[in-house]
Amino acid sequence: MSSHKHGIFGYIIRTIGVILTVSVLAGTCLVPSRVRAQKDLTVDFIEYTFQTLLGKEPEGEQYGFWYRNIKDGNTTAAGMIEMLTESEEFVEKEYSPEQTLALLTKTMTGKELAEAEKERYLSYMESGVSLRRFISDVSKTPDFASVCAQYNINPGSVEDLEPRDLNPELAVFIGEIFTEMYGRTPSAKESNVWTQYFREGKQVAPTFQQIVVSSDYSSRGVSDDQTITSLCHLMLGRDATSEEMGKYHEVMENGMSLDYVEQMIASDPSFHSRCAELGIVPGEVALTQPRDTNYEMTSFLNRLYSRLSGKAPAGEELNDFVLRISEYPSSLRSVIWDMLSTPESREILAADDDFLNTVFEVFYGYQPEQEKITSYKIALSHGVTRERVLTSILNDPAFDAKMSEYGLDTHVEKEVPKKIVALTFDDGPYTDVTMRILDALEPYGAHATFFVTGDRVVRYKDCIIRATNMGCEVGNHTWNHTTLTKISGDAVHKQIWDTCDIIYSITGTYPKVMRPVGGSYNTTVSENVGLPMILWSIDTNDWKYRDSQHVIDEVLNNVRDGDIILMHDLYETTATAVETIVPALIDSGYTLVTISELAEYKKVQMENGKPYFSMRG
Ligand code: ZN
């Protein structure tokens, strides 16, 4: 007798319906025939209800059936009306929701349905709320009570309402969610499941997050803009203002994810009052993507990437960058290098001028002095890598100051290695030996200092460029290996500055340190040399013995933290020794550094004209 779909919930088993159905099948023959003859008020009610709802008299056993169940208290007036609206006879009438409401109002109250009520229940029905909710509500009115009193019948009420009927405003909200997000209305089952889900306290904001990433939604190919518009409709119950939309656009253009915008919407007071009205829990949007954790950093990296590559980064790329920098703030420099290494970036910044100007502009916001540009162009034109140049540019304290504006603490104190030593090589370069030494250092990222004579720089340019690219230091060892104590102050000055100039013409960098030939210096040298004078604490005498084992023993038997070790990159025996010394020192826990790095780690402010033999602690 019922074509109504009951849904999946165990608690909506219709006990009364089952009893009545069984009675119809098995009990009709038991109805006494005198019932019809007696025709009391109950019979009138049955006739009245059939007439108004179905437009006909009850037929045959229908009289007896309803009569007996009402008299036995198995059903009430409200229960009978509810059952009739679910009967095949009623369903076959195909009344519109509006007609159905009007008929029921007429039957139950004898009156017309107020316009506002009609609108409210129509919107409920559109959202899948069943008619039972309406019957239940009307059954509680005085009008229904008086109609029932007229027939001396128990009005009763409709029990066991389904979740969607228990909270019809919530069902309407769910109907809106389905229409807006899935482009369809929910089935009765979906309406019940979702209503129950929220009634149990499930959080709304995270649910929207899940909807947006669900395949049902994402397969619709909706733009982020449309998604934001829909979320505002649903979560705020209104359109976003143009100001709000502008803000949402801005954060997404700055690289934040849709989650971030959802969090902004979910923090709007309108969302919270809407949830309070519906009796549901707003909840919070979880930000799980690294890029959403630091707006300043993400928007900076996004701008940077866009500027360097000519396109916005993918969300995953941004997540990766943010994650690296969050874990190691000092890794920003390598992240920047990665951005500059993309094919797009290499294409856009193909010219060295563009590369340098862009890097300065994006990091410091100004055009650098021509002098700086010139020096970097000199370096680049001779084969110094962009990575090395970038390292130099970004070592400026101004970089750290600028990055702090984006909430990035890149000014992380360098971790001072426990034991450090500076290998130094004089009198080169000499390709056959210098290159072997560089080969020995390179696998360990180890650094050394090469004190070169000016007259060899051009000829052995490749050694100097490679050493520079490896992070090694090029020091000044006079122009032509002149013992400075034997010449005038002016001549000392010229020996040093001619050498500085020729090194600058290749690397774009002036040497910061010098080594006096033979370790000889006096007051005249000190006053005219213009650079710190680097002597040594371990002399391997490699030039004298030309014996690799002797060099190895001298170093490994005597080395201490802060030592400066003297060797010469002119002898194959020295290169052979270095091939053993470098891994041995690394194994013993030493970090191999340049003279400038040694001073930095040991916090020694080197002064021009002053001798340094070691920087032992
Ligand atoms: Zn020398």
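Here the residue index of a chain counts from 1 through its sequence in written order. The model is predicted, so local features are restricted to residues of pLDDT at least 70 and side-chain atom pairs to those at 80 or more, both for listing and for counting; the totals for chains, interfaces and linings are taken over all residues. Only hydrogens and water are removed before side-chain values are computed, so all heavy atoms of the structure are retained for them.

K.L.:
Hey, could you go over the pattern of salt bridges for me, with residue numbers and the actual values?
P.N.:
Any carboxyl oxygen of Asp or Glu within 4 Å of a side-chain nitrogen of Lys or Arg constitutes a salt bridge here. With the rule as written, the count across this model stands at 33 salt bridges. Between aspartate 143 and lysine 111 there is a salt bridge; the shortest N-O distance is 3.1 Å. Placement of the pair is aspartate 143 in helix 10 (residues 142–150) and lysine 111 in the loop between helix 7 (97–109) and helix 8 (115–126), with a sequence separation of 32 residues. Buried means the residue's accessible area, taken with a 1.4 Å probe over protein chains only, is under 20% of the maximum for its type, while exposed means over 50%, and partly exposed covers the values in between. For aspartate 143, a relative accessible area of 27% puts it in the partly exposed group. The class for lysine 111 is partly exposed, based on a relative accessible area of 44%. Helix and strand definitions here come from DSSP, where helices need a minimum of 4 consecutive H or I residues and strands a minimum of 2 consecutive E residues; each element is numbered from the N-terminal end.

K.L.:
Before we move on, can you summarise the domain arrangement of the chain with the specific residues and values?
P.N.:
Residue ranges assigned to each domain were obtained from an automatic or database domain assignment. Per the domain assignment, the segments making up the chain are domain 1 (2–160), domain 2 (166–286), domain 3 (292–404) and domain 4 (419–612). If you average the C-alpha positions of domain 2 and of domain 3, the two centres end up 39 Å apart. Tallying the contact residues gives 9 residues for domain 2 and 7 residues for domain 3. The quantity reported as buried area is the accessible area (1.4 Å probe) lost by two parts once they are put together, taken as the sum for both. Summing the contributions of domain 2 and of domain 3, the shared interface buries around 670 Å²; its carbon and sulfur component is 50%. Connecting domain 2 to domain 3 are 0 salt bridges. Identification of polar contacts relies on pairs of N or O atoms within 3.5 Å, with a donor-acceptor requirement for protein atoms, meaning one able to donate a hydrogen and the other able to accept it, and with residues adjacent in sequence counted only if both atoms are side-chain atoms. Joining domain 2 to domain 3, the criterion identifies 3 residue pairs in polar contact (both at pLDDT 80 or more). Secondary-structure elements contributing two or more residues to the side of domain 2 that touches domain 3 are helix 17 (242–253) and helix 18 (258–266). Whether two residues are in contact is decided by their heavy atoms, any of which lying within 4.5 Å being enough.

K.L.:
Please set out the coordination of the zinc ion residue by residue, giving values where relevant.
P.N.:
Taken together, the protein donors to the zinc ion comprise Asp427 (OD), His477 (NE2) and His481 (NE2), at separations of 2.1 Å. Going along the chain, you hit the donors of the zinc ion in the pattern D-x49-H-x3-H. Note that aspartate 427 is positioned in the loop between strand 1 (419–426) and helix 28 (431–441) and histidine 481 in the loop between strand 3 (473–476) and helix 30 (489–507), a separation of 54 residues in sequence. For Na, K and Ca the donor cut-off is 3.2 Å; for every other metal, N, O and S atoms count as donors within 2.8 Å. Water does not enter the count, which can leave sites looking incomplete.

K.L.:
Break down the confidence of the model for the chain for me, citing the residues and quoting the values.
P.N.:
pLDDT runs from 0 to 100 and stands for how confident the predictor is about each residue. Confidence along the chain averages 90 in pLDDT terms, with 93% of residues attaining 70 or more. Across residues 1–38 the pLDDT falls below 50, and counting only partners more than four positions away or on other chains, this stretch makes 56 contacts in the model.

K.L.:
Report on the pairing of strand 1, specifying residues and quantitative values.
P.N.:
Burial within strand 1 is extensive, with 7 of its 8 residues counted as buried. A pair of strands is labelled paired if DSSP reports no fewer than 2 bridges between them. Relative to strand 7 (residues 590–592), strand 1 runs parallel, the two being bridged by 3 bridges. The partner of valine 421 across the bridge, within strand 7, is leucine 592. Looking at chain direction, strand 1 and strand 2 (residues 449–452) are connected through 3 bridges and run parallel. Residue pairing in the sheet places phenylalanine 425 in a bridge with phenylalanine 450 of strand 2. When the strands point away from the viewer, a crossover counts as right-handed if the route from the first strand across the helix to the second turns clockwise. For the handedness criterion, the β-α-β arrangement of strand 1, helix 28 and strand 2 is classed as right-handed.

K.L.:
Can you tell me about helix 27 (residues 397–404), naming the residues and giving the values?
P.N.:
Those residues of helix 27 that sit buried are Phe399, Asp400 and Met403. Taken around the axis of helix 27, the buried residues stretch over an arc of 95°, which confines them to a single face. Looking at the buried side of helix 27, the elements it contacts are helix 20 (295–309), helix 22 (332–340), helix 24 (352–364) and helix 26 (386–394). The opening residue of helix 27, the one whose side-chain oxygen lies 2.8 Å from the backbone nitrogen of alanine 398, is aspartate 396. Along the arc lie the directions from the helix axis toward the C-beta atoms.

K.L.:
Quick one: what's the story with unusual backbone geometry, residue by residue and with numbers?
P.N.:
Note the cis peptide between glycine 428 and proline 429, where omega equals 0°. The backbone phi angle of aspartate 427 is positive, close to 75°, even though this residue is not glycine. Residue aspartate 427 is classed as buried on the basis of its relative accessible area, which comes to 14%. For threonine 478, which is not glycine, the phi dihedral falls at a positive 70°. The topology assignment puts threonine 478 in the loop between strand 3 and helix 30. Classification of threonine 478 as buried rests on a relative accessible area of 0%.

K.L.:
How would you explain the packing of helix 12 (residues 168–182) against helix 13 (residues 188–199) if you had to name every residue and give the values?
P.N.:
Between two packed helices, the angle of one axis relative to the other and the distance separating the axes together describe the packing. Relative orientation of the contacting elements helix 12 and helix 13 amounts to 115°, with a least axis distance of 9 Å. Like other packed secondary-structure pairs, helix 12 and helix 13 cross with a definite hand, here right-handed. Where helix 12 approaches helix 13, its residues Leu170, Ala171, Ile174, Ile177, Phe178 and Tyr182 are matched on the opposing element by Glu190, Ser191, Trp194, Thr195, Phe198 and Arg199. Split into classes, the residues belonging to the contact of helix 12 with helix 13 amount to 8 nonpolar, 2 polar and 2 charged. Lines are fitted to the C-alpha atoms to define the axes, a helix being fitted only along its stretch in contact, and any angle between axes, read from their N-to-C directions, falls within 0 to 180 degrees. Less than a right angle of anticlockwise turn of the near helix away from the far helix marks a crossing as left-handed, whereas a clockwise turn marks it as right-handed. Amino acid classes used here: Ala, Val, Leu, Ile, Met, Phe, Trp, Tyr, Cys and Pro are nonpolar; Asp, Glu, Lys and Arg are charged; the rest, including Gly, are polar.

K.L.:
Please provide a residue-by-residue account of the packing of helix 3 (residues 41–54) against helix 5 (residues 77–85), values included.
P.N.:
Where helix 3 contacts helix 5, the axes come no closer than 11 Å and their chain directions differ by 35°. Of the two possible hands of crossing, helix 3 and helix 5 adopt the one that is right-handed. Seen from helix 3, the contacting residues are Phe45, Ile46, Thr49, Phe50, Leu53 and Leu54; seen from helix 5, they are Ala77, Met80, Ile81, Leu84 and Thr85. Across the contact of helix 3 with helix 5, the residue classes tally to 9 nonpolar, 2 polar and no charged.

K.L.:
I'd like a description of the side chain of threonine 207, backed by residues and values.
P.N.:
With respect to the secondary-structure elements, threonine 207 resides in helix 14 (residues 204–213). The exposure class of threonine 207 is buried, given its relative accessible area of 5%. Not counting residues up to four positions away in its chain, the partners in contact with threonine 207 are Trp194, Tyr197 and Phe198.

K.L.:
How would you summarise the nonpolar core if you had to cite specific residues and measurements?
P.N.:
The biggest cluster of nonpolar side chains holds 74 residues, and the ones touching the most others in it are Leu301, Phe363 and Leu441. Of all the elements, helix 24 adds the most residues to this core, at 7 residues. Summarising the domain contributions, this core has at least three residues from each of domain 3 (292–404) and domain 4 (419–612). What phenylalanine 363 contacts, discounting residues up to four positions off in sequence, is Phe300, Leu304, Ile336, Leu394, Phe399, Lys402 and Met403. Residues Val43, Leu113, Tyr121 and Val158 belong to the second largest nonpolar core, which totals 39 residues. Only buried Ala, Val, Leu, Ile, Met, Phe, Trp, Tyr and Cys residues count toward a nonpolar core, and they belong to the same one when joined by side-chain atoms within 4.5 Å.

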